[in-house]
Amino acid sequence: MSSNIRYKSRIPVKTGEETAEEKQYVGFATLPNQVHRKSVKKGFDFTLMVAGESGMGKSTLVNSLFLTDLYKERKLLNAEERINQTVEIIKHTVDIEEKGVKLKLTIVDTPGFGDAVNNNECWKPITDYIDQQFEQYFRDESGLNRKNIQDNRVHCCLYFIPPFGHGLRPVDVEFMKALHEKVNIIPLIAKADCLTPNEIKKLKDRIREEIDKFGIKVYQFPECDSDEDEEFKQLDKELKECTPFAVIGSNTVVEARGQRVRGRLYPWGIVEVENQSHCDFVKLRNMLIRSHMHDLKDVTCDVHYENYRAQCIQEMTSKLAQDNRMESPIPILPLSTPDVETEKLIKLKDEELKRMQEMLNKMQQQMHDKEQ
Amino acid sequence: MNLCMSNQTDIFAPSGLHGKPAELLEYPSEKYCPFNTNSVGIRSKGVFDLPLQRTAYQRPDQATTTTTAFSSHTPDYPPAGRAFIMEEPEDPYYVTMYYPGSVYVDMSDVVPPEVRPKPAVPAKPPNVGAPSPSSPFPPQGPGIGGGGGVSGLPPSAIPVPIVNHGHSVGHNIGHGVGHVAGHVGGHTAAHNGGHGHGGSHSSGGGSTLLGYIGIDTIIEQMRKKTMKTGFDFNIMVVGHSGLGKSTLVNTLFKSQVSRRSAGWARDEKIPKTVEIKAVSHVLEEGGVKMKLTVVDTPGFGDQINNDNCWEPISKYINEQYEKFLKEEVNITRKKRIPDTRVHCCLFFITPTGRSLRPLDLEFMKRLSHSVNIIPVIAKSDSMTIEERQEFKQRVRKELEMAGIEFYPQKEFDEDMEDKSDNDKIREAMPFAVVGSDKEYPVNNKRVLGRKTAWGIVEVENPNHCEFAQLRDFLIRSHLQDLKEVTHNIHYETYRAKRLNANGGLHPISSNDTQESNL
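Residues numbered from 1 in each chain as written. Chains lettered and ligands numbered in written order. Predicted model: local features only at pLDDT ≥ 70, side-chain atom pairs only at ≥ 80, totals over all residues. Heavy atoms only, no water.

1. So, the overall build of chain B
Scanning chain B from terminus to terminus reveals 11 helices and 11 strands. The proportion of buried residues among the 518 residues of chain B is 53%. Taking contacts inside chain B between residues at least 6 apart in sequence as the whole, the part at least 24 apart equals 72%. Summed over its atoms, the accessible surface of chain B is roughly 22900 Å², and 53% of this surface lies on carbon and sulfur atoms. (Helix = DSSP H or I, 4+ residues; strand = E, 2+ residues; numbered from the N terminus. Buried < 20%, exposed > 50% of the residue type's maximum accessible area, 1.4 Å probe, protein only. Contact = heavy atoms within 4.5 Å. Areas by Shrake-Rupley, 256 points an atom, 1.4 Å probe, with all protein chains shown as cover.)

So, in structure tokens, the structure goes:
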């Protein structure tokens with residue numbers, strides 16, 4: 001395309017020898033370039049959550065993916081201390097820069113998940129955290145100063161399935177069902193170096209089956225455009241059939257086949273992390289970082305967040321509707337005599353609701369105006 | 001014949017190997033001891049001198065050796081180490097002699113003489129006494145001379161009763177000896193005067209007995225008996241599903257003894273509570289039969305809420321003890337009470353590479369006092385050697401801090417030798433194992449292993465994993481000890497608790513009410 005040459009410069013050079021084609025050329029094909037430059041300046045952010053039992057190699061994998069060392073001062077609890085441990089949420093933030101592009105990476109860790117003897121509702125702190133982030137964003141968005149909204153919403157959740165079992169366990173199923181409508185879930189098979197290739201295949205098939213059976217909506221790769229070439233489509237298809245990815249993480253460098261590679265050294269052989277025939281680490285990295293990072297963010301914004309928002313608003317309006325009904329001519333006697341404190345709380349809540357209602361009305365007004 | 005009583009050795013060795021100790025038979029009596037000894041030997045009336053009865057009965061065709069042997073018995077017997085007469089002799093011919101410090105075994109079930117290797121020289125029938133099997137005067141002959149004719153078996157040392165014929169009342173040894181007497185090389189009673197003193201060779205040694213008695217042949221006899229009756233072993237496997245429990249048990253016993261949970265094609269749901277499934281098989285090796293029962297516990301730790309998931313297991317173990325106890329307190333006891341008590345519980349630790357899981361710790365805490373727990377690290381091919389060492393250390397430390405004693409327990413070490421052996425084992429536990437039932441060619445041999453894209457993990461290679469160590473420990477050296485600890489310690493603890501709890505056993509059945517004030 002002739003305009004390829006053109007978009008290097010901002011202002012098309014006006015020379016007398018404009019061809020007819022150039023006369024037609026407007027120049028907005030440079031938009032992606034402009035966006036690119038702006039974003040590079042601004043930097044990107046990405047929030048990744050890792051969930052799974054302890055000892056699954058989550059931290060190692062994160063360190064391997066992003067080539068960092070996020071967990072230097074981590075204190076690991078022993079079994080006695082973990083008997084009654086509750087799930088915590090810990091955030092690690094790191095700024096990475098590569099070829100001029102800055103990435104603010106936040107890893108949300110969930111130590112204690114699935115570790116206790118009684119794991120009932122152990123995912124609740126996690127769902128609460130995700131909801132909290134949504135709520136905070138919602139408020140910021142509806143607020144007055146919207147310039148510097150901090151986006152802490154979780155864009156992706158890597159869920160580590162232990163390789164030792166025969167498929168999904170009850171706790172896995174419950175966790176994914178509680179979270180699949182709030183965040184993009186990518187299930188992974190952890191520590192895949194203890195499985196033979198046959199076993200990996202069977203486990204993957206079984207997990208895919210069970211995911212379908214239980215109706216869990218894991219993150220789906222977007223369909224590639226029909227105009228992409230065959231090779232890309234083929235790769236894409238392979239990628240999709242490989243889920244869930246069987247990964248191995250390592251940050252230690254070993255010598256294998258005359259090269260220094262990241263891997264794990266066993267008496268019977270060396271597992272290379274970046275060897276595609278050994279594990280799916282490369283596929284995961286490509287998918288997560290190199291091709292679909294932005295898509296993950298988009299899906300979070302467009303789908304999960306919108307769902308949350310719609311739900312929130314619905315709740316509010318239904319509450320208001322109830323309130324309205326409460327003020328009907330027939331007085332409904334209160335069921336119990338509220339004491340002073342609860343009355344105060346009720347009043348506060350009422351005011352809040354009224355404020356929200358006003359905001360909503362304003363927004364609706366604006367929309368009306370736009371339409372007209 | 002050099003016999004070492006102490007440690008177990010390869011019980012699966014072919015029976016041609018002599019000198020290897022047999023497995024002790026498992027008897028139902030509460031203090032199992034095949035030897036009815038007190039510290040001195042026998043409660044005897046201590047009759048020292050038997051002037052007349054002591055005269056040897058000389059058989060006309062007696063080999064001279066016997067005579068010489070016999071003549072070496074001077075009538076004045078030194079008190080120590082000499083035989084005593086058990087009861088007042090009413091009839092000189094009806095006296096039975098016992099040697100103090102000797103051991104007696106109930107020879108009633110011993111393999112009849114026909115089975116024993118025949119002496120090189122045909123034995124001569126006794127001149128005196130009925131030719132019944134209980135005759136104390138079995139074919140004598142050359143066997144006495146030195147028992148060399150037979151495959152290295154020493155002469156039997158069982159004293160022969162002086163009594164001529166089958167009057168072996170009250171003395172087990174009596175008719176038993178009759179059998180034994182048929183034993184090659186064995187023996188003894190050339191004669192009525194019966195010193196029952198075997199052979200001429202003086203195995204003297206440190207023994208105060210003059211000459212070789214052959215007490216050590218008891219081992220051989222027991223071994224034979226074990227081979228005949230076989231023994232049973234009950235092993236329980238506990239751990240999260242998918243840790244390779246069934247595969248490991250199959251690999252340990254080299255047969256399909258444990259039903260795999262249909263691995264990948266399982267259509268059944270995960271059980272809601274822990275189930276207990278026991279499967280028995282009879283294995284045979286080298287003439288020894290073993291009834292192996294594998295108790296599986298599917299569903300352990302698989303639920304979201306795993307509180308008290310150890311209870312069904314604890315209940316099962318106690319039920320087995322209860323069953324045994326009931327059989328024991330019966331008036332008419334079975335000769336051999338079927339033993340379904342769990343001798344060993346293999347607990348599979350998830351190889352997280354970091355530390356024990358809280359559920360693992362809870363389980364072991366609760367069950368280490370009622371059953372022998374052997375922790376194993378499952379699927380250890382997910383850890384490198386350094387990780388494995390670290391993990392093991394951490395696990396051992398955690399177990400120590402929680403006060404959990406796994407088998408072999410320190411408190412039950414009997415002597416220094418045991419202690420040092422067991423210390424070495426304790427340092428190496430928990431064993432990190434890999435199980436497999438598939439074979440792959442490695443270096444022109446077919447070995448059990450797991451084939452991955454980066455190499456083959458060999459199950460029996462000590463550099464790869466500790467399966468061989470576990471197997472040797474579990475089967476080749478401590479199998480009998482596991483059973484003994486279960487019987488002598490865990491079962492006794494249970495029994496004491498039960499007996500104390502209600503001031504005596506509940507009447508177990510209407511027939512047994514007399515037993516209730518045990």
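Next, the rest of the story.
2. Focus on the UniProt feature "site: Important for dimerization" (unreviewed entry) in chain A
The UniProt record marks Phe164 of chain A with the feature "site: Important for dimerization" (unreviewed entry), using the residue numbering of this structure. Not counting the four nearest positions on each side in its chain, Phe164 of chain A is found in contact with Met56 and Cys194 of chain A together with Ser241, Gly242, Leu243, Thr350, Pro351, Lys379 and Ser382 of chain B. (UniProt positions renumbered as here; feature names shortened; annotations may be inferred.)

3. Considering the sheet that holds strand S9 (residues 439-442) of chain B
Residue and element names in this part refer to chain B. If you trace the 3 strands from one edge of the open sheet to the other, you get S9-S10-S11, paired in antiparallel fashion. The strands lining the two open edges of the sheet, one partner per strand, are S9 and strand S11 (455-458). If you compare each strand with its neighbour and ignore which way they point, the axes differ by 65° on average. (Pairing = 2+ DSSP bridges. Axes fitted to C-alpha atoms, helices over the stretch in contact; angles between N-to-C directions.)

4. Some thoughts on the nonpolar core
Judged by nonpolar contacts, the single largest core of 158 residues is most densely connected at Leu158, Phe175 and Leu288 of chain A together with Phe363 and Ile374 of chain B. Among the elements that line this core, the one with the most residues is helix H11 (residues 293-326) of chain A, at 7 residues. Beyond its immediate stretch of four places on either side in the chain, Phe175 of chain A contacts Ala51, Phe113, Trp123, Ile126, Cys157 and Tyr159 of chain A. (Core = buried A, V, L, I, M, F, W, Y, C linked by side-chain atoms within 4.5 Å.)

5. What to know about the confidence of the model for chain B
Residue and element names in this part refer to chain B. Looking at chain B, the pLDDT average stands at 66 and 54% of residues meet or exceed 70. Of the regions scoring below 50 in pLDDT, residues 1-206 engages in 364 contacts with residues more than four places distant in sequence or in other chains. Predicted confidence is poor over residues 507-518, with pLDDT under 50, and the contacts of this stretch with residues over four places away or in other chains come to 13 contacts. This complex was scored by the predictor with a pTM of 0.65 and an ipTM of 0.72. (pLDDT = per-residue confidence, 0-100.)

6. A few points about empty space enclosed by the protein
Throughout the structure, instances matching the rule amount to 11 cavities of 30 Å³ or more. Quantified by volume, the second largest cavity comes out at close to 110 Å³. Considering the residues around the second largest cavity, the lining is formed by Glu53, Pro162, Phe164, Gly165 and Arg169 of chain A together with His240, Ser241, Leu243, Gly301, Asp302, Thr350 and Arg357 of chain B. The residue inventory of the lining of the second largest cavity, partitioned by class, reads 3 nonpolar, 5 polar and 4 charged. (1 Å grid on protein atoms, 1.4 Å probe; cavity = no way out; pocket = protein on both sides within 12 Å on 5 of 7 lines; lining within 4 Å. Points joined across faces, edges and corners; volume = space filled by probe spheres on them. Nonpolar A, V, L, I, M, F, W, Y, C, P; charged D, E, K, R; others polar.)

7. Examining the layout of surface pockets
Residues and elements named next belong to chain A. By volume, the largest pocket amounts to about 1200 Å³. Lining the largest pocket are 32 residues, and of these Lys319, Asp323, Lys349, Asp350 and Leu353 lie nearest its centre. When residues of the lining of the largest pocket are traced back to their parent elements, those giving at least two are helix H6 (124-142), H11 and helix H12 (340-371). Here the residues of the lining of the largest pocket are counted per class, giving 11 nonpolar, 6 polar and 15 charged.

8. As for the interface of chain B and chain A
With 49 residues of chain B in contact, the opposing surface of chain A contributes 45 residues. Carbon and sulfur atoms make up 57% of the surface buried where chain B meets chain A, a total of about 4300 Å² over both sides. A salt bridge links Glu53 of chain A to Arg357 of chain B; the nearest nitrogen and oxygen atoms lie 3.3 Å apart. The interface formed by chain B and chain A contains 12 residue pairs in polar contact (both at pLDDT 80 or more). Those elements that provide at least two residues to the side of chain B that touches chain A are helix H7 (358-367), helix H8 (385-401), strand S10 (445-452) and S11 of chain B. In terms of residue count, H8 of chain B provides more of the side of chain B that touches chain A than any other element does, 6 residues in total. (Buried area = accessible area lost by both parts, 1.4 Å probe. Salt bridge = Lys/Arg side-chain N within 4 Å of Asp/Glu carboxyl O. Polar contact = N/O pair within 3.5 Å; in protein donor to acceptor, adjacent residues only side chain to side chain.)

9. Focus: the pairing of strand S1 (residues 44-51) of chain A
All names here are of chain A. Most of S1 is tucked away, with 6 of its 8 residues classed as buried. For S1 and strand S3 (residues 101-109), the ladder comprises 7 bridges, and the chain directions are parallel. Along S3, the bridge assignment pairs Asp45 with Lys104. With 4 bridges joining them, S1 and strand S4 (residues 156-161) adopt parallel strand pairing. Opposite Leu48, over in S4, you have Cys156 as the bridge partner.

10. Observations concerning the sheet that holds strand S6 (residues 245-246) of chain A
Residue and element names in this part refer to chain A. Across the sheet, which stays open at both edges, the 6 strands sit in the order S2-S3-S1-S4-S5-S6 with mixed pairing between neighbours. Only two strands of the sheet have a single partner each, and these edge strands are strand S2 (90-98) and S6. In the sheet, S2 pairs with S3 via 9 bridges, with the strands oriented antiparallel. Bridge pairing in S3 links Glu98 to Val101. On top of the sheet, helix H8 (residues 197-214) reaches S4, strand S5 (185-189) and S6; it is set at about 150° to S5, its chief contact.

11. What to know about the side chain of Ser380 of chain B
Residues and elements named next belong to chain B. Residue placement: Ser380 occurs in the loop between strand S7 (373-377) and H8. The class of Ser380 is buried, set by a relative accessible area of 0%. A distance of 3.0 Å separates the side chain of Ser380 from the backbone oxygen of Val433, its partner in a polar contact. Apart from residues no more than four positions distant in its own chain, Ser380 is found in contact with Arg388, Ala432, Val433, Val434 and Cys465.

12. Digging into the packing of helix H5 (residues 245-253) of chain B against helix H10 (residues 467-477) of chain B
All names here are of chain B. Two elements in contact, H5 and H10, have axes separated by 10 Å at closest approach and are oriented at 65°. With respect to their mutual orientation, H5 and H10 come out roughly perpendicular. The element H5 and its partner H10 pack so that their crossing is right-handed. When H5 is examined against H10, the residues Leu248, Thr251, Leu252 and Phe253 are found in contact with a partner set consisting of Phe467, Leu470, Arg471, Leu474 and Ile475. Taken together, the residues of the contact of H5 with H10 sort by class into 7 nonpolar, 1 polar and 1 charged. (Parallel < 35°, antiparallel > 145°, perpendicular 65-115°, else oblique. Left-handed = near helix turned anticlockwise from the far one by under 90°.)

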